[in-house]
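An overview of the molecular structure
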Amino acid sequence: MVQVFSRVHGALLVAACVAVLGGCAGNVAPEVKRLPERVELSGTFYRGEANQSGPQVLASLLSQQGIVITPGLLEKPLHLPGAEDKLQQNMQNLAREYGLVVYPLDSKLPALLTQVAAGYPVMVRFSEGSAFWAEPRYAILSGYDRNKQKVLLRAGMNRRQLMDFGSFEAALEKAGGWAILIQKPAQIPAAVDRSRWLKAADELAQAGEENAAAQARKALAAQ
């Protein structure tokens, strides 16, 4: 009788584990299931304290676009310290001054991972901390593992910060759901929203980069 109970108990445990694993796999969106199983992008990364994450991430992405820069060189044009409340907008304005397109993304995980799978690192803002105290931080979304349901962030002092899909989406949403690409004019995003790209090109022209804006429009038309 004990052996029978043990076998039944063991079978139930196995069935429960399979059900849990199956449920986890089922939680992955169909769009994500169609992406490569695992992606990790390389590229420049500047480590820094968490409260310096904006200039650090922006410098990393500008460097990956061939611009010679360091986080320290960005403090003055970003009006830091002193303009922390305008940092998000100032970073976008500064990227445009370098002739780059700032392309906003939907904050849903499939939209973000689609860009990473295409080879484009994503700049995100996420909430970091506890339930009692949390602050928004900036990071580079530079990889994911679909089977383990983990994203890979480059943030703060950590070049390989792993976070599970659900926690990342919650942290992203808590910080406002903000995510962008910083692209050369000829780098058309994956599954591009044409009207969104054209609006980004218009904003580039308004920043005084008319030639770069024209290149962005031409690259889209060539698709």
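Just so we're clear, the structure is a prediction, and the values are computed from it rather than from any experiment.

The next point concerns the packing of helix 3 (residues 53-64) against helix 5 (residues 87-97). At a closest axis distance of 11 Å, the pairing of helix 3 and helix 5 adopts a crossing angle of 20°. If you check the angle between helix 3 and helix 5, you find them roughly parallel. Both helix 3 and helix 5 take part in a crossing whose hand is right-handed. On the side of helix 3, the interface is formed by G54, P55 and L58, while helix 5 contributes L87, M91 and L94. Looking at side-chain class alone, the contact of helix 3 with helix 5 contains five nonpolar, one polar and no charged residues.

Of note, S63 is situated in helix 3. Of note is the side chain of S63, whose polar atom sits 3.3 Å from the side chain of Y46. Excluding its chain neighbours within four sequence positions, the residues that come into contact with S63 are T44, Y46 and I69.

A few words on the side chain of Q115. Examined against the element boundaries, Q115 turns out to sit in helix 6 (residues 109-117). According to the relative accessible area criterion, Q115 is buried, its value standing at 4%. In this structure, Q115 is in contact with L105, Y120, V122, L181, P189 and A190, ignoring residues within four places of it in sequence.

Before going further, it helps to examine the packing of aromatic side chains. The full count for this structure, using the stated rule, is two aromatic pairs. Seen from their ring centres, Y103 and W197 are 5.9 Å apart, and the 50° between their planes marks the pair as tilted. With Y103 in strand 2 (residues 101-104) and W197 in helix 8 (residues 194-206), the pair connects residues that are 94 residues apart, well separated along the chain. Residue classification places W197 among the buried positions, given a relative accessible area of 0%. Taking the centre distance of 5.7 Å and the plane angle of 85° together, the rings of Y138 and W178 count as edge-to-face. Pair noted here: Y138 is in strand 4 (residues 134-145) and W178 is in the loop between helix 7 (165-174) and strand 7 (179-183), with a separation of 40 residues, a long-range link. One exposure class covers both Y138 and W178, and it is buried. Between the NZ or CZ atom of R196 and the centre of the ring of Y103, over which it lies, the distance is 6.0 Å.

Glancing now at the packing of helix 8 against helix 9 (residues 210-221). When two helices pack together, their arrangement is given by the angle between the helix axes and the distance between those axes. Remark: helix 8 packs on helix 9, axes separated minimally by 7 Å, with the N-to-C direction vectors making an angle of 165°. Taken together, helix 8 and helix 9 sit at an angle that is classed as roughly antiparallel. Like other packed secondary-structure pairs, helix 8 and helix 9 cross with a definite hand, here left-handed. On helix 9, the residues that touch R194, W197, L198, A201, D202, L204 and A205 of helix 8 are E210, A212, A213, A216, R217, L220 and A221. Along the lines of polarity and charge, the residues of the contact of helix 8 with helix 9 split into ten nonpolar, no polar and four charged.

Before going further, it helps to examine the environment of Q92. By the secondary structure assignment, Q92 is in helix 5. Residue Q92 is classed as buried on the basis of its relative accessible area, which comes to 11%. A sequence separation of 112 residues divides Q92 from L204, and the C-alpha atoms of the two residues are 10.0 Å apart. Every residue in contact with Q92, bar those within four places of it in the chain, is listed here: V102, W178 and I180.

Calculation rules
Residues numbered from 1 in each chain as written. Predicted model: local features only at pLDDT ≥ 70, side-chain atom pairs only at ≥ 80, totals over all residues. Heavy atoms only, no water. Axes fitted to C-alpha atoms, helices over the stretch in contact; angles between N-to-C directions. Helix = DSSP H or I, 4+ residues; strand = E, 2+ residues; numbered from the N terminus. Parallel < 35°, antiparallel > 145°, perpendicular 65-115°, else oblique. Left-handed = near helix turned anticlockwise from the far one by under 90°. Contact = heavy atoms within 4.5 Å. Nonpolar A, V, L, I, M, F, W, Y, C, P; charged D, E, K, R; others polar. Polar contact = N/O pair within 3.5 Å; in protein donor to acceptor, adjacent residues only side chain to side chain. Buried < 20%, exposed > 50% of the residue type's maximum accessible area, 1.4 Å probe, protein only. Phe/Tyr/Trp six-rings, centres within 6.5 Å; stacked < 30°, edge-to-face > 60°. Lys NZ or Arg CZ within 6 Å of the ring centre and 35° of its normal.

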